[in-house]
Amino acid sequence: MGTWLRVYARLFAIQGGFNYEVMIGNGIAFAAEPALRLLPGGRGGEPYRAAMARHSRYFNAHPYLAALAVGALVRAELDGEDAVRIERFRAACCGPLGAAGDRLVWAGWLPFCSALALLTFGAGFGAAGVLAVFVGTYNLGHVTLRAWGLRAGYREGLHVAAALANPLLRKGPLHLARGTALVAGLALPLVLRRLGSGRLWEGWSLGIDLVLATLLAAALSRWQGRIDGWRVGVGLLVLFVLYSVVR
Amino acid sequence: MPIEMLASLTLLGAIVGLDMVSFPQAMLSRPIVGSTLAGAVCGNTMAGLVVGVLLECFALETMPFGASRYPEWGPASVAAGVLAALPGADGARVLHVAPFAVLAGLVTAMLAGETLVWLRRFNAASAARHHDAIAAGDSAAILNLQWTGLAVDFVRGGVVTLVFVVALVPVRDVLELHASVAGASPIAVLAVVAIGVAGAAFWKVVHTTVGYAWWLLAGLLGGCTLLVLT
């Protein structure tokens, strides 16, 4: 049990040695290391050293779903799988784990939780409420996903492709995108109102502001791929700050 | 600024800087968290939250896909939160300085993103120095590379935060003395820009989903209904 807790804890630091040469390769060896001590000969034995060398080589995947790879690789090593087969598996699972993780987490769960936090703010909650909703909700998914990945990877070993067919990974992004659209639509008008509420609105009407924000969003969406919205935002703010200083 | 407060902010910057990539990626580095906590350290949590919400709208545009380069939001959001919350700012003053705080946060995020590239190069150089030991499966070399990367990233976050806080607070004070726009509430202008950017960012995330427009429309109608009813 202690071994698996150590592996699990180290998964959270899997990108600690991230670099452009081996990406998270060193992190894979770092996370798997407590379990690799169970190999014949223990720490310092030849199988242990060979496995550490193998797993510190190039590897790239989504950091959360790398747990799936770590579980599978540990299982393969402990089962005494052929080294060539393990190497082939390592090379093959980078792409799918990266793509699935990006879709589920960076394009799904994180925007959804951000929208939820904005909705909480727009609904009038204070700092504690907003942070509790954002950090709590996000990490409920985050911590669970890493734990599921490690468990599923160890259970399936080199046949872990079956785990990638899990409904969570196949259908999750679709449901999250719909949920994000709904919650973001609810949140943005409420956030706009709260930011400009009361005496601080000074002559601006909420309706006009909503229309202006919608037009800006539509323009940025149309130019998507050609310009980054946040860079446009920087430009507009620079102009506004300069105007407010020099006038 | 009291030295204890500066030390606390540096520590906060180090924690959120480490969280961004290295450990534990719990999204403490998101602006809505970093700025709010910075505001709390400075004694004005609400100012930090307002700036955090605004920066979060911009940050939605830059998700950390793959090994792409992206802005470093952790220390930047701490710096922005400090600019809005210091010193003992009341509500009106916060709203006056918010555009500069957000702009400073955005520029800091862009510049601080470069330090992530330096960190990755440092890690690569460390790995190259110990290449033979790592290739031989020497666990001490492999674990040391990881622990060193974590420690350097922690220090990086703290130093970036310290540098930008110390550099930007005097700039804010000068700008605050000279800036005014009659008839326009700075926070209203800022909110329109931020919500526009956030709207486009959400669209970017969901527009390939079947039926997304109906969900978005339903949300917007619900949001507008709530505006009218509450």
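Residues numbered from 1 in each chain as written. Chains lettered and ligands numbered in written order. Predicted model: local features only at pLDDT ≥ 70, side-chain atom pairs only at ≥ 80, totals over all residues.

Participant: Got a sec to walk through the overall build of chain B? Specific residues and values, please.
Facilitator: Scanning chain B from terminus to terminus reveals nine helices and zero strands. Listing each helix as α and each strand as β along chain B from the N terminus yields α-α-α-α-α-α-α-α-α. (Helix = DSSP H or I, 4+ residues; strand = E, 2+ residues; numbered from the N terminus.)

Participant: Any chance you could break down the overall build of chain A for me, citing the residues and the numbers?
Facilitator: Scanning chain A from terminus to terminus reveals ten helices and zero strands. In terms of overall size, chain A is more extended than a compact globule, its C-alpha atoms giving a radius of gyration of 23 Å where 247 residues would be expected to give roughly 18 Å. The C-alpha extent of chain A, read off along each of the three principal axes, is 75 × 35 × 30 Å. When the 247 residues of chain A are sorted by exposure, 51% land in the buried category. (Rg over C-alpha atoms; globule rule 2.2 N^0.38 Å. Buried ≥ 20, exposed ≤ 12 C-beta atoms within 10 Å, placed from the backbone.)

Participant: Hey, could you go over helix α3 (residues 45-59) of chain B for me, with residue numbers and the actual values?
Facilitator: Over its 15 residues, α3(B) extends 20 Å from the first C-alpha to the last, a length consistent with the 21 Å expected when each residue adds 1.5 Å. Judged by how many residues are buried, α3(B) sits mostly within the fold: 14 of 15 residues are covered. (Expected span 1.5 Å × (residues − 1).)

Participant: Which residues make up the interface of chain A and chain B, and what are the values?
Facilitator: Reports of interface size often rely on the accessible area that becomes lost once the parts have come together. With 90 residues of chain A in contact, the opposing surface of chain B contributes 88 residues. Those elements that place two or more of their residues in the side of chain A that touches chain B are α2 (25-36), α3 (46-55), α5 (83-122), α6 (127-156), α8 (167-195), α9 (206-222) and α10 (229-246) of chain A. When residues in the side of chain A that touches chain B are grouped by element, the largest group, 18 residues, is from α8(A). When grouped by side-chain class, the residues that make up the side of chain A that touches chain B number 57 nonpolar, 22 polar and eleven charged. (Contact = placed C-beta atoms within 7 Å. Nonpolar A, V, L, I, M, F, W, Y, C, P; charged D, E, K, R; others polar.)

Participant: Could you give me a rundown of unusual backbone geometry, with the residues and numbers involved?
Facilitator: Residue P24(B) is reached from F23(B) by a cis peptide bond, and omega for that bond is -5°. Looking at the secondary structure, you find P24(B) in the loop between α1 (3-21) and α2 (31-41). Positive phi is not limited to glycine here, since M23(A) has a value of about 55°. Judged by C-beta crowding, with 22 C-beta atoms within 10 Å, M23(A) ranks as buried.

Participant: Describe the confidence of the model for chain A, with residues and values.
Facilitator: Looking at chain A, pLDDT values average 92 and 96% of them are 70 or higher. When pLDDT is averaged over each element of chain A, α2(A) comes out on top at 98 and α10(A) at the bottom at 85. (pLDDT = per-residue confidence, 0-100.)

Participant: How would you summarise the packing of α3(B) against helix α4 (residues 73-85) of chain B if you had to cite specific residues and measurements?
Facilitator: Residue and element names in this part refer to chain B. Interhelical geometry of α3 versus α4 gives an angle of 140° and a closest axis separation of 8 Å. The angle between α3 and α4 places the two elements in the oblique class. As α3 packs across α4, the resulting crossing turns out to be right-handed. Facing α3, whose interface residues are A47, G48, V50, V51, G52, L55 and A59, α4 presents W73, S77, A80, G81, A84 and A85. For the contact of α3 with α4, a count of residues per class yields nine nonpolar, four polar and no charged. (Axes fitted to C-alpha atoms, helices over the stretch in contact; angles between N-to-C directions. Parallel < 35°, antiparallel > 145°, perpendicular 65-115°, else oblique. Left-handed = near helix turned anticlockwise from the far one by under 90°.)

Participant: Could you give an account of the nonpolar core, with specific residues and numbers?
Facilitator: Counting residues in each nonpolar core, the largest one holds 169 residues, and the members touching the most others are V70(A), L83(B), A84(B), A98(B) and V102(B). Filtering out sequence-adjacent residues up to four positions away, V70(A) remains in contact with V7(A), L11(A), I28(A), A31(A), A32(A), L150(A) and G153(A). (Core = buried A, V, L, I, M, F, W, Y, C linked by C-beta atoms within 7 Å.)

Participant: Could you give an account of the confidence of the model for chain B, naming the residues involved and the relevant values?
Facilitator: The predicted coordinates ought not to be read in detail in places where the model reports low pLDDT. The predicted model of chain B has a mean per-residue pLDDT of 91, with 93% of residues at 70 or higher. In the model output, the complex is listed with pTM 0.95 alongside ipTM 0.95.

Participant: Quick one: what's the story with the packing of α5(A) against α6(A), residue by residue and with numbers?
Facilitator: Residues and elements named next belong to chain A. Here α5 crosses α6 at 160°, and the two axes come no closer than 8 Å. Relative to α6, the element α5 is oriented roughly antiparallel. For α5 against α6, the interelement crossing comes out right-handed. For the pair formed by α5 and α6, the contact residues are W109, L110, C113, L116, A117, T120 and F121 on the first element and G129, V130, V133, F134, T137, Y138 and G141 on the second. Within the contact of α5 with α6, the residues separate by chemical class into ten nonpolar, four polar and no charged.

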